[in-house]
Amino acid sequence: MNYLSILVALPVVGALIVGGLRSATDKLIKQIGLGTALASALVALSMALQFDPNSSSTLQFVEKYDWIPAFGVSFSLGVDGIALVLIVLAAILVPVVMLAGWNEAEGHRGSVRQYVVLTLLTYSMMIDVFAATDVFLFYVFFEAILIPMYFLIGRFGGQRATYAAVKFLLYSLVGGLLMLASLVGLWVVSREQLGAGTFDWETLTTLNIDGGVQNWLFLGFFIAFAIKAPLFPFHTWLPDAAGEATPGNATLLVGVLDKIGTFGMLRYCLPLFPLASAYFTPVVIVLSLVGIIYGALLAIGQSDLKRLIAYTSVSHFGFIALGIFAFTTQGQSGATLYMVNHGFSTAALFLVAGYLMSRRGSRFIEDFGGVAKVAPVLAGTFFLAGLSSLALPGMSSFISEFLVLQGTFTRYPVPAIIATTGIVLAALYILLMIQRTMTGEPTAEVAEKVGEITFREKIAIAPVIAIIIVTGFLPQPLLNIINPAVDRVMTAVTATDPVASEGVSK
Amino acid sequence: MNLLMDAPVIDYGIMQPILVVLGAAVLGVLIEAFAPRENRRNIQLVVTFGSLLIALYGVVTNTSEKHVGLGAVNSLSIDGPGLFLQGVILVSALVGAMFLAERDIDVQGDAFAPQASALPGSEDESEFTLRGWLQTEIWPLFLFSVGGMLIFPVANDFLTLFVALEVMSLPLYLLAGMARRRRLLSQEAALKYFVLGAFSSAFLLYGSALLYGFAGSVTYGDIVTAIGQDPGRNGLLIVGSLFVFVGLLFKVGAAPFHQWTPDVYQGAPTALTAFMGAATKVAAFGALLRVAYVALGGLRWDLAPVLWVIAGLTMLIGTVVGVAQSDIKRMLAYSSIAHAGFLILGVIAANPAGLSGSLFYLLAYAFTTLGTFGIVSLVHDASGEANNLGQFAGLGKRSPLVAGAFALFLLALAGIPLTSGFTGKFAVFAAAYEGGAAPLVVLAVIASAIAAFFYVRVIVLMFFTEPQGEEVSVIVPSMFTQVGLSIAATATVILGVMPQPVLDLLNNTFFIR
């Protein structure tokens, strides 16, 4: 079965139906949107069940169609374990976001129809980006996805949404164009070495690129990914974009879209430019450490819930990059698992914060307080989401953070020790936020406006919380899928684990 | 000594497109003289569109039958690239003619002055306007210009090149000064265009003369041979080729010879700007490519430093100054300068991929330029066309279709994937990288990023900004403009999504001499 093309096509079909039904009510539009998302989630899950972790081939569910043979470009899709878990992450989060943010699109410049169409298009392109095995195809969707996301932020955001949307677009566009320069270079190198230029990822990983050239090509890709992820110092667009977007869009943006950056490092930077990756490792590790601590410190100082969550993500992306560039199996497995777990825990935080904000009509922490008294279940959910974000043992993020730190320590002990301060700071920003919003006596306005979590909201958030707790106790099935793919990356960069590092993951 | 000369054998089939268009232009002059006023427009339209279509048919048959070769005693070189360029020029001319034929946009008639010779603001002029005079002289002028453009990129010697340059430019100087609205601006633009154009023609002619002094011939092939026999690099050759390049770079609007571009783009009637911006650029780059690849190909290494500086300067000036513009037509003019810079990368590449990439780029660029200016001509306020950027605010809400199409063209100009502009950029950049110009490719990418800023700014204005001040309205045009815009938009999408057929066509085509 062509799982991947079905996954790519389903949301587009849904978007076309929604766009074409001129007389449909907003409710029907949202129902069609949610139905499409649920159907694709089923497809994604059944694909995941068919996935064979022990397969001898790098990519599975491979599909390939010629697109622009003159440039060696094909429309080719396929997944390894890393791409698979990210696709499943997207497939679960999109219906969750649609249900959780059922009324989010109302009261904005754009219409509900636009909201649903844009979300579905973003969704389809996310799958494309993760499943593309042609570097050109990847680049095309890497750029194209900016357009629906730009409109989602700009037309459905807060007061400074236009500014945030443009900032998002320009940052990503600059990164993308740098990547284009490297892409051109990579193509020319492939043409020189193979006779005909190609963009096929697997073929490109076999090239022997000169070290100096690698460094330049690596930089183009890496900066694009560092902006996307985002790593310090390329992160300044994220708090604005996530702060202005609706909670649902912020979830998609930070939870899934930004993973394209870290995914790209793992999928493209390392296997395509192994020498350059090793060469730049010290720089990346320093940037990651700065990001971990700087993001956490800024998170502590935020007065705006959404911006706070955005800054926690800057810190978390530091961990992910650290794990990737540790060049150990645990580090990279941990980083991949971190991408998934961060997706779910951020979704939980953004969405429950969204529940709170829609009730109170404010996104500022000072406007809350005492929510636990008036809405205990809602407060409890928020607390759980927070605990997941600070990586409490028993929550999924704990495993990944631990793996990243352990994997880093075996090769780079000092950076690993510095990174642990991030954990302490995480406890601070999360607990302070929970204390300020949930505990104490409810103010008059909170008592009046903040009601208990509704049935729809419960249904939406339940799968996310369940996944966080289940993978917290049982990470092994996920790691079984991820590990073979990570091993291949390690082979590609000819890295071996330092001795005596056979730890949790094996 | 045998004084008898053999009559030259002339292959008329290969020259059919040129002959048809120039013939129709002459016919157009006669129609102006003899046909009654009320019938002129219809006759002129039939002649114009008919001749363009017949010429296009000729180009298509010549291409499909691989009917290529030197024509008219070696003064024309109708080869694969030449046919492709002629096709692009003819298609641009067809779409441009649709915009020029539009009479529903301006309440007073069309975009051209009722009587070009009447002084702006004079009593004569207001009288002619009051009487509702509309003139049709633009059609023969237009056809002469198209005819010149068809010769320019296939000229195989410097004299033909010069004659073609004049035939294509002189009518454009005139047409640029004939805008109905803002006539002083229009006439100023025309004068500037004429003076600077004449200046550059002089450079071209002087350069050709020096090259003749060097090689004893003006034919490209003879010059190539002479360069091969002269390893010492004669002074005449170097100075002559630099002068020829100055003349050609002026026409493509490359820095530092770009100053005329913003004024002319702004002052000329928008429908004409659309045609001129697209077709002149195609013709001029076609000629530049042929001169650089064929006639002066042997000088590649001597000329490279000059071209590198010009390419870098052109890209930077086009984008950086473009950011500061507040008039949409001036902004698009600077954008065209930036695109000229990108295209020079294709000249620098000096490999087959550079040629085919540039040709694809020109095709894509022609359609987006026609499209953008076509849309600009639709947005009006009380006093005529609304060209101030601020007036585009909120357009997305009032006319989603027009704003959407405009956004498409702007994204294509910015080179966003899945639009034609991206494919073109990729092809040219890859060729330049392969040709050893990697630093210029990086600069081009940075310039693209800066340029993206001002394209995106217009999209932001249209979709996210509330309109302030006076209301502008989008005029619903007649079928002419509607068809023209649809062709441009469709081509922009198709060349972005499915470029393979065109790339196949361009694969393995090269200049002959």
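Concerning the overall build of chain B
Scanning chain B from terminus to terminus reveals 20 helices and 5 strands. Overall size of chain B, expressed as C-alpha extent along the three principal axes, is 70 × 55 × 40 Å. A burial count over chain B gives 63% of its 513 residues as buried. Restricting the contact set of chain B to residue pairs at least 6 apart, pairs at least 24 apart contribute 82%. When the accessible surface of chain B is totalled, it reaches about 18000 Å², and 67% of it is carbon and sulfur.

Details of the pattern of salt bridges
Pairs may arise between side chains of opposite charge once their charged atoms sit close together. Across all of its chains, the model carries 22 salt bridges over all chains by this definition. Close ionic contact of Arg267 of chain A with Asp80 of chain A constitutes a salt bridge, the shortest N to O distance being 3.3 Å. Taken together, the residues Arg267 of chain A in helix α12 (residues 259-272) and Asp80 of chain A in the loop between β2 (73-79) and α3 (81-100) connect sequence positions 187 residues apart. Relative accessible area serves as the criterion here: at 3%, Arg267 of chain A is assigned to the buried category. A relative accessible area of 6% means that Asp80 of chain A is categorised as buried. Two residues, Glu125 of chain B and Arg183 of chain B, come together in a salt bridge whose shortest N-O distance is 2.5 Å. Here Glu125 of chain B is found in helix α4 (residues 123-131), whereas its partner Arg183 of chain B is found in helix α7 (residues 183-215), with 58 residues between them in sequence. Side by side, Glu125 of chain B and Arg183 of chain B carry an identical accessibility label, which is buried. Through salt bridges that share partners, Arg160, Lys167, Asp240, Glu244, Asp304, Arg307 and Arg363 of chain A make up one connected network.

What about the interface of chain B and chain A?
Contact residues are listed per partner, giving 29 residues for chain B and 34 residues for chain A. Around 3000 Å² of area is buried between chain B and chain A when both sides are counted, 82% of it from carbon and sulfur atoms. The largest contributions to the chain B side of the interface with chain A come from Phe426, Tyr433 and Phe464 of chain B, which together make up 25% of the buried area. Applying the counting rule to chain B against chain A returns 4 residue pairs in polar contact (both at pLDDT 80 or more).

Regarding the packing of aromatic side chains
Counting across every chain of the model gives 51 aromatic pairs over all chains. Centre to centre, the rings of Phe142 of chain B and Phe275 of chain B are 4.7 Å apart; their planes meet at 55°, and the pair counts as tilted. Here the residue Phe142 of chain B occupies a position in helix α5 (residues 138-151), and Phe275 of chain B occupies one in helix α11 (residues 270-295), the gap between them amounting to 133 residues. Accessibility expressed as a relative area gives 0% for Phe142 of chain B, which makes it buried. In this arrangement the basic side chain of Lys228 of chain A is found over the ring face of Phe142 of chain A, its NZ or CZ atom lying 4.8 Å from the centre. Above the ring of Trp201 of chain A, the side-chain terminus of Arg267 of chain A is found at 4.7 Å from the ring centroid.

Details of the confidence of the model for chain A
Segments scoring low in pLDDT should not have their predicted coordinates read at a detailed level. The predicted model of chain A averages 89 in pLDDT, with 98% of residues at 70 or higher. Below pLDDT 50 for its whole length, residues 501-506 of chain A participates in 15 contacts with residues either more than four positions away or in separate chains.

Quick notes on helix α8 (residues 220-228) of chain B
By the burial criterion, the buried members of α8 of chain B are Tyr220, Gly221, Ile223, Val224, Ala226 and Ile227 of chain B. Looking at the buried side of α8 of chain B, the elements it contacts are α6 (158-176), α7, α9 (235-252) and α11 of chain B.

Quick word on the confidence of the model for chain B
For chain B, per-residue confidence averages 89 on the pLDDT scale, and 99% of positions sit at 70 or higher. Within chain B, no element has a lower average pLDDT than strand β1 (residues 69-71) of chain B, which sits at 79, and none a higher one than α5 of chain B, at 95.

Overview of the packing of helix α13 (residues 328-349) of chain B against helix α14 (residues 352-376) of chain B
All names here are of chain B. At a minimum axis distance of 9 Å, the contact between α13 and α14 shows a crossing angle of 175°. By the criterion of interaxial angle, the relationship of α13 to α14 is roughly antiparallel. Packed against α13, whose contacting residues are Ile328, Lys329, Leu332, Ser336, His339, Phe342, Leu343, Gly346, Val347 and Ala349, the element α14 presents Gly354, Ser358, Tyr361, Leu362, Tyr365, Thr372, Phe373 and Val376 at the interface. Considered class by class, the residues forming the contact of α13 with α14 number 11 nonpolar, 6 polar and 1 charged.

Things to note about the environment of Phe234 of chain A
When you line up the elements, Phe234 of chain A lands in the loop between α9 (211-228) and α10 (237-244). Contacts of Phe234 of chain A, omitting those with residues within four sequence positions, involve Tyr171, Ile223, Ala226 and Ile227 of chain A.

A word on the sheet that holds strand β3 (residues 379-381) of chain B
Residues and elements named next belong to chain B. Read from one edge of the open sheet, 3 strands run β4-β3-β5, paired in antiparallel fashion. Edge positions in the sheet fall to β4 (384-385) and β5 (473-474), since each has one partner strand and no second. Judged from the 2 bridges that link them, β3 and β4 form a sheet pairing that is antiparallel. Bridge assignment links Asp381 to a residue of β4, and that residue is Gly384.

Some points on the pairing of β2 of chain A
Residue and element names in this part refer to chain A. Among the 7 residues that make up β2, 6 are buried, leaving the element largely enclosed by the rest of the structure. As defined by bridge partners, strand β1 (residues 60-68) adjoins β2 across 6 bridges and the pair is classed as antiparallel. Among the inter-strand pairings, Tyr65 is bridged to a residue of β2, identified as Phe75. Hairpin remark: β1 followed by β2, antiparallel, with 4 residues in the connecting loop; positive phi at Gly72, about 65°.

Remarks on unusual backbone geometry
Cis rather than trans, the peptide bond between Ala229 of chain A and Pro230 of chain A has omega equal to -10°. Turning to its location among the elements, Pro230 of chain A is positioned in the loop between α9 and α10. Looking along the chain, the bond that leaves Ala255 of chain B and enters Pro256 of chain B is cis, with omega of 0°. Despite not being glycine, Phe61 of chain A has its phi angle at roughly 55°, a positive value. In this structure, Phe61 of chain A sits in strand β1.

Let's talk about the side chain of Ser201 of chain B
For Ser201 of chain B, the location among the structural elements is in helix α7. Not counting chain neighbours up to four residues away, the residues in contact with Ser201 of chain B comprise Phe162, Leu165 and Glu166 of chain B.

Things to note about the packing of α9 of chain A against α12 of chain A
Helix-helix packing is characterised by the crossing angle of the two axes and by the distance between the axes. Residues and elements named next belong to chain A. Following both chains from N to C, one finds α9 and α12 inclined at 170°, their axes separated by 8 Å at the closest point. Here α12 runs roughly antiparallel to α9, going by the angle between their axes. On the side of α9, the interface is formed by Gln214, Phe218, Phe221, Phe222, Phe225, Ala226 and Lys228, while α12 contributes Ile260, Gly261, Gly264, Met265, Tyr268, Cys269 and Leu272. Taken together, the residues of the contact of α9 with α12 break down into 10 nonpolar, 3 polar and 1 charged.

Things to note about a nonpolar patch on the surface
Residue and element names in this part refer to chain B. A contiguous nonpolar surface patch, about 380 Å² in accessible area, is contributed by Leu418, Val493, Ile494, Val497 and Met498. By the secondary structure assignment, Val493 is in helix α19 (residues 479-497). Residue Val493 is classed as partly exposed on the basis of its relative accessible area, which comes to 36%.

As for helix α7 (residues 161-194) of chain A
All names here are of chain A. Taking 1.5 Å of rise per residue, 34 residues should cover 50 Å, and α7 covers 47 Å from first to last C-alpha, within 8% of that figure. With respect to burial, α7 is a largely interior element, 26 of its 34 residues being buried. Immediately downstream of α7, the backbone of Gly195 shows phi near 95°, a positive value.

Topic: the side chain of Lys306 of chain A
Residues and elements named next belong to chain A. Looking at the element boundaries, Lys306 is found in helix α14 (residues 305-324). Salt bridges are absent for the buried Lys306, whose nearest opposite-charge side chain, Asp304, sits at 6.4 Å. Within polar-contact distance, the side chain of Lys306 engages the backbone oxygen of Gly243 at 3.2 Å. Ignoring sequence-local partners within four residues, the contact set of Lys306 consists of Ala242, Gly243, Glu244, Ala245, Thr246, Pro247, Phe350, Met357 and Arg363.

Points about the environment of Gly14 of chain A
Turning to its location among the elements, Gly14 of chain A is positioned in helix α1 (residues 3-20). On the basis of relative accessible area, Gly14 of chain A is assigned to the buried category, the value being 3%.

Some points on the environment of Ala254 of chain B
Residues and elements named next belong to chain B. Relative to the helices and strands, Ala254 is located in the loop between α9 and α10 (260-267). Separated by 237 residues in sequence, Ala254 and Pro17 have C-alpha atoms that sit 29 Å apart. Setting aside anything within four residues of it in sequence, one finds Ala254 in contact with Leu249, Ile310, Thr314 and Ile344.

Conventions and cut-offs
- Residues numbered from 1 in each chain as written.
- Chains lettered and ligands numbered in written order.
- Predicted model: local features only at pLDDT ≥ 70, side-chain atom pairs only at ≥ 80, totals over all residues.
- Heavy atoms only, no water.
- Helix = DSSP H or I, 4+ residues; strand = E, 2+ residues; numbered from the N terminus.
- Buried < 20%, exposed > 50% of the residue type's maximum accessible area, 1.4 Å probe, protein only.
- Contact = heavy atoms within 4.5 Å.
- Areas by Shrake-Rupley, 256 points an atom, 1.4 Å probe, with all protein chains shown as cover.
- Salt bridge = Lys/Arg side-chain N within 4 Å of Asp/Glu carboxyl O.
- Buried area = accessible area lost by both parts, 1.4 Å probe.
- Polar contact = N/O pair within 3.5 Å; in protein donor to acceptor, adjacent residues only side chain to side chain.
- Phe/Tyr/Trp six-rings, centres within 6.5 Å; stacked < 30°, edge-to-face > 60°.
- Lys NZ or Arg CZ within 6 Å of the ring centre and 35° of its normal.
- pLDDT = per-residue confidence, 0-100.
- Axes fitted to C-alpha atoms, helices over the stretch in contact; angles between N-to-C directions.
- Parallel < 35°, antiparallel > 145°, perpendicular 65-115°, else oblique.
- Nonpolar A, V, L, I, M, F, W, Y, C, P; charged D, E, K, R; others polar.
- Pairing = 2+ DSSP bridges.
- Patch = residues over 30% accessible without salt bridge, like charges linked within 9 Å, V, L, I, M, F, W, Y side chains within 5 Å.
- Expected span 1.5 Å × (residues − 1).
- Lys, Arg positive; Asp, Glu negative; His and termini not counted.

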